Amino acid sequence: MTPVLQAQNVCKYYDLGTQRIEALKNVSIEIQKGEFVAIVGKSGSGKSTLMHILGLLDTPSEGEVILNGVNTKGMSEKELAGVRNNEIGFVFQSFNLLQRTTVLDNVMLPLKYSSVPNTEWKKRALEKIELVGLSERLNNKSNELSGGQKQRVAIARALVNNPSIILADEPTGNLDSKTGEEIVKNFLDLNSQGKTIILVTHDDDLAKIAKRQIVLKDGYVVK
Amino acid sequence: MIYIPEIVKSALSALSLNKVRTFLTMLGVIIGVFSVVALVAVVQGFQNYITDQFNSLGSNLLLVTPSIGNGNQDPSRAFMGNKLSVKNIDTINLYVGDKIEGATVSVRIAKTIKYKTKEYDSTVVGGNYMSYDVYGLSKYSGDYYTKSDDAREAKVVFLGWKVKEELFGDQDPVGQKIKIDNSTFEVIGVADSKGQTFDDRVYIPDSTLRSEFNIDTVSSIAVKVKESYDIEEVLREVKTALFKDMKADDFSVVTQKDVLSSIDQILGVLSIALAAVAGISLLVGGIGIMNIMLVSVTERTQEIGLRKALGATSANIGIQFMIEAIFISVVGGSIGLGLGYLSTLAVRSFLRATIPWWTVLLALGFSIFVGIVFGTYPAVRAGKKDPIEALRFE
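Rules used in this analysis
- Residues numbered from 1 in each chain as written.
- Chains lettered and ligands numbered in written order.
- Predicted model: local features only at pLDDT ≥ 70, side-chain atom pairs only at ≥ 80, totals over all residues.
- Heavy atoms only, no water.
- Helix = DSSP H or I, 4+ residues; strand = E, 2+ residues; numbered from the N terminus.
- Rg over C-alpha atoms; globule rule 2.2 N^0.38 Å.
- Buried < 20%, exposed > 50% of the residue type's maximum accessible area, 1.4 Å probe, protein only.
- Contact = heavy atoms within 4.5 Å.
- Areas by Shrake-Rupley, 256 points an atom, 1.4 Å probe, with all protein chains shown as cover.
- Lys, Arg positive; Asp, Glu negative; His and termini not counted.
- Charge placed at Lys NZ, Arg CZ, Asp CG, Glu CD.
- Core = buried A, V, L, I, M, F, W, Y, C linked by side-chain atoms within 4.5 Å.
- Pairing = 2+ DSSP bridges.
- Axes fitted to C-alpha atoms, helices over the stretch in contact; angles between N-to-C directions.
- Phe/Tyr/Trp six-rings, centres within 6.5 Å; stacked < 30°, edge-to-face > 60°.
- Lys NZ or Arg CZ within 6 Å of the ring centre and 35° of its normal.
- Buried area = accessible area lost by both parts, 1.4 Å probe.
- Salt bridge = Lys/Arg side-chain N within 4 Å of Asp/Glu carboxyl O.
- Polar contact = N/O pair within 3.5 Å; in protein donor to acceptor, adjacent residues only side chain to side chain.
- Nonpolar A, V, L, I, M, F, W, Y, C, P; charged D, E, K, R; others polar.

1. Focus: the overall build of chain B
Assigned secondary structure in chain B consists of 15 helices and 10 strands. Here the C-alpha atoms of chain B give a radius of gyration of 32 Å, more than 25% beyond the 21 Å that 2.2 N^0.38 yields for 394 residues. Dimensions of chain B, computed from the C-alpha atoms along their principal axes, are close to 100 × 50 × 35 Å. When burial is assessed residue by residue, chain B has 49% of its 394 residues classed as buried. A separation threshold of at least 6 residues defines the contact pool for chain B, and within that pool the share at least 24 residues apart is 79%. As displayed, chain B offers around 18400 Å² of accessible surface, 60% of which is attributable to carbon and sulfur atoms. Of the side-chain charges in chain B, 39 are positive and 41 negative, and the distance between the mean point of each set is 5 Å.

2. Here's the deal with the nonpolar core
Counting residues in each nonpolar core, the largest one holds 60 residues, and the members touching the most others are A:Leu5, A:Ile29, A:Ile39, A:Leu50 and B:Phe321. For this core, the element with the most residues is helix α13 (residues 314-347) of chain B, which contributes six residues. The residues contacting A:Leu50, other than those within four sequence positions of it, are A:Leu24, A:Val27, A:Ile29, A:Ile39 and A:Leu216. In terms of nonpolar packing, the next biggest core, distinct from the first, is built from 38 residues, A:Val107, A:Leu145, A:Leu175 and A:Ile197 among them.

3. Some details on the pairing of strand β2 (residues 100-115) of chain B
Residue and element names in this part refer to chain B. Two strands pair when backbone bridges link them, and β2 and strand β9 (residues 220-225) are joined in this way by six bridges, in the antiparallel orientation. Looking at the pairing, Ser106 lines up with Ser220 of β9. Here β2 hands over to strand β3 (residues 118-127) after two residues, with Lys116 in that stretch at a positive phi of 50 degrees. Sheet topology places β2 next to strand β6 (residues 177-180); two bridges connect them, and they run antiparallel. Each bridged residue has a counterpart across the sheet, and for Ile113 the counterpart in β6 is Ile180.

4. Focus on the sheet that holds strand β2 (residues 19-31) of chain A
Each strand in a sheet pairs with another by means of backbone hydrogen bonds, the pair being arranged parallel or else antiparallel. All names here are of chain A. In space, the four strands of this open sheet follow the order β2-β1-β4-β5, with antiparallel pairing throughout. This sheet does not close on itself; its edge strands, each paired only once, are β2 and β5 (70-71). Taken together, the five bridges between strand β1 (residues 5-16) and strand β4 (residues 62-67) define a ladder with antiparallel strand orientation. Among the inter-strand pairings, Cys11 is bridged to a residue of β4, identified as Glu62. Helix α1 (residues 47-54) rests against β1, β2 and β4 of the sheet, and its axis sits at about 60 degrees to β2.

5. Some words on the packing of aromatic side chains
All names here are of chain B. This model, assessed by the stated rule, comprises 13 aromatic pairs over all chains. Centre to centre, the rings of Phe158 and Tyr203 are 6.3 Å apart; their planes meet at 55 degrees, and the pair counts as tilted. Of this pair, Phe158 sits in strand β5 (residues 156-159) while Tyr203 sits in strand β8 (residues 201-205); the two residues are 45 residues apart in sequence, bridging distant segments of the chain. Connected via pairs of aromatic rings, a cluster forms that spans Tyr132, Tyr135, Tyr144, Tyr145, Phe158 and Tyr203. In this structure, Lys194 is placed above the aromatic ring of Phe198, and the distance from its NZ or CZ to the ring centre is 5.2 Å. The cationic tip of Arg201 hangs over the ring face of Tyr135; the distance from NZ or CZ to the ring centre is 5.4 Å.

6. Focus: the interface of chain B and chain A
The interface of chain B with chain A comprises 23 residues on the first partner and 25 residues on the second. Between chain B and chain A the total buried area reaches about 2200 Å² when both faces are included, carbon and sulfur atoms providing 59% of it. The interface formed by chain B and chain A holds one salt bridge in total. For B:Lys9, the salt bridge goes to A:Asp105, with nearest N and O atoms at 3.8 Å. Our enumeration of links across chain B and chain A arrives at four residue pairs in polar contact (both at pLDDT 80 or more). Elements represented by at least two residues in the side of chain B that touches chain A include exactly α1 (4-16), α12 (301-309), α13 and α15 (387-392) of chain B. Among the elements that take part in the side of chain B that touches chain A, α12(B) stands out by supplying six residues, more than any other. Counted by class, the side of chain B that touches chain A contains 11 nonpolar, six polar and six charged residues.

Structure below.
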C-alpha cells in the first residue's frame, strides 16, 4: 500500500554567514493512511522543521517529500498552496484563529482558497463544527471562546476540506490538562474514523497516545 | 481560485476592525478629491458666469479696445497710451455704418448712487443713445436716453434692475432724482433684469459722464454688427476704418468669440493649475494609505502565515491587501466627491458652479490610481511573507 506521506533522505540546512546549521540530517520516514504518529523530540531536535517540511510550508534542502504518491519536489508556490489546501489540515499550538471573526467564518476559511463551490461552504463548515461540538457557538467571535473551544474550532477548520492528513503542532500546549485531554480525545476519535494524524510534541506523555512515535534528536531520526 | 466577493468581504472586515484608523487614512484622499472637485467647480462657475454675460450681449458684437489683443505689446499701453475717443464712433459710422446696427463708446466708473438716505455702489456706464441696442437692453419702465440727450449732455440716467431694487424697492423711480457724487440726475427709465453685470449698472450719456466727472478716456467701443453680415469681414473693415484715426498698435478689434476663447483659455489653465496643486494633497493621501497598509501588513503577519498555511497563494494575499488599499482610496474619493458637490450647492446662490463629468471620472479614476500605486508595495510585501516566519511572528 502506498504510504500517505513519505520523507526520503530529507536534509535541511541554513547558512548563517560562513556557518552551516543542519536542522535535519537524512531523515526518511513513512506514514501510512489512518496512522496516528507522534513526532517527538526536545527543543532544537528538528521536529518543527520536519513538521514544516511535511506540511509543505517549507522545502527540504535535499531529499523529497511524497504525498499520496505524488512527489512534491519542484512544485510551484501555487501548486504547493493547492496541495496544502486540499491534503493537509493544520492545528497550531496557539490556535491561530482570525480575531474578531465568527466560528463559522474561521472554519470556512480554507474553503475560500479551494475549488469547492461557495454554495457548499456553509454546509461543509456546519458539519465540522457539529463534529467538534460547537454548533451552539456558531456565530460567536473567536475572542469570545475559551482555549479549548478555540482549539476545537481549529480542528474543525483543519477538517473542513477533508484533507488526507491532520498535522497538529503541540495542540495542547496552551491548554490546561483537563481541556488538553478533551482535545486529545477529539484526535483519537478522528483517528478511529480513519483520519491520518501526525502529532508534533515535546511532551512524552502526550506522544504516548499515538500508535507510533518518531523520535528526533539533533536532526536525526533515532527511533 | 478565490472568489472576489470573498476578498472584498475580508478586506471590509479587516478595515472595520480599525474604523478610526481607516477613516483617518481616508481623510487624505477625501481632502484631496474635495479640493480638486471644489476648485474645478468654482473655476467652472466663473466660466459659466462670464459666458452667460457675453451670451446675453449676442454673438454679433465687436469690441474695440486700447491694444489688448496683441500679447507682444506692453500691457501698460492699454492704460497709459489709450488713444480711443468719441471721434472713432463717427469714423466707424462713416465707413461701415450700413453694416452695423449701432456703435457706442463705453466709459465705466465705479460710483456710489444715492437716493434720499439710501446708497448703492454701482458701475456707471457712459455710452451714446445706441448703447441700448448694442447692449441688447429692454425696458421695464420709462425710456432710454435719446440722441438729443447725448448732444445736450442731459443729466439723466437709466437704471439697471438691481440698482432700482436696492434704492427704490417696489416704487417706480421714473421721474425721481438720484445723486452721483454731488451731481443730481433724473431717472428716466429702468431696465429689465439681464444678469448680475447689467443689473448693477447705471446707464448715462457718455457726453454727460465725461463733462460731469472730468473723464476724457474711453474704456472701449462696442459695435453691433447686423445679423446679415459676416462678423469677421466687418471686423476687418472696422479695423481699416480706424486706421484713419489711430496707428495699428494703438487699438485692437476683437469679436466676442475671441474674448470668450481668451478667457476660456486663461480659466482652463487656471483650472488645471489649481487641480494640480490640489492633486498634490491626493498624493500625500496616497502616501498615508501606503504607510497604514505597511503597518497593517506587519500587524497581520501571523494572519498572512495562517492564510498561506491554509492554502492561500502569494497572489491571494496580495490581492486582498490591494483591495483594502483601493477600497480606502475609492471610498475616500467618493466622500470627497460628495463634499465637493455639496460645496457647489453652497455657492450656487451667487455662482453657477458645476462639476463637469470629466472631474467625476478624473477624481474617481485618480482615487483608484492612488489606491493601486500606493497599495502595490504593501500588497507585494504581504504576498512575499514566508509562511513559517509569518506563523511564528508575535
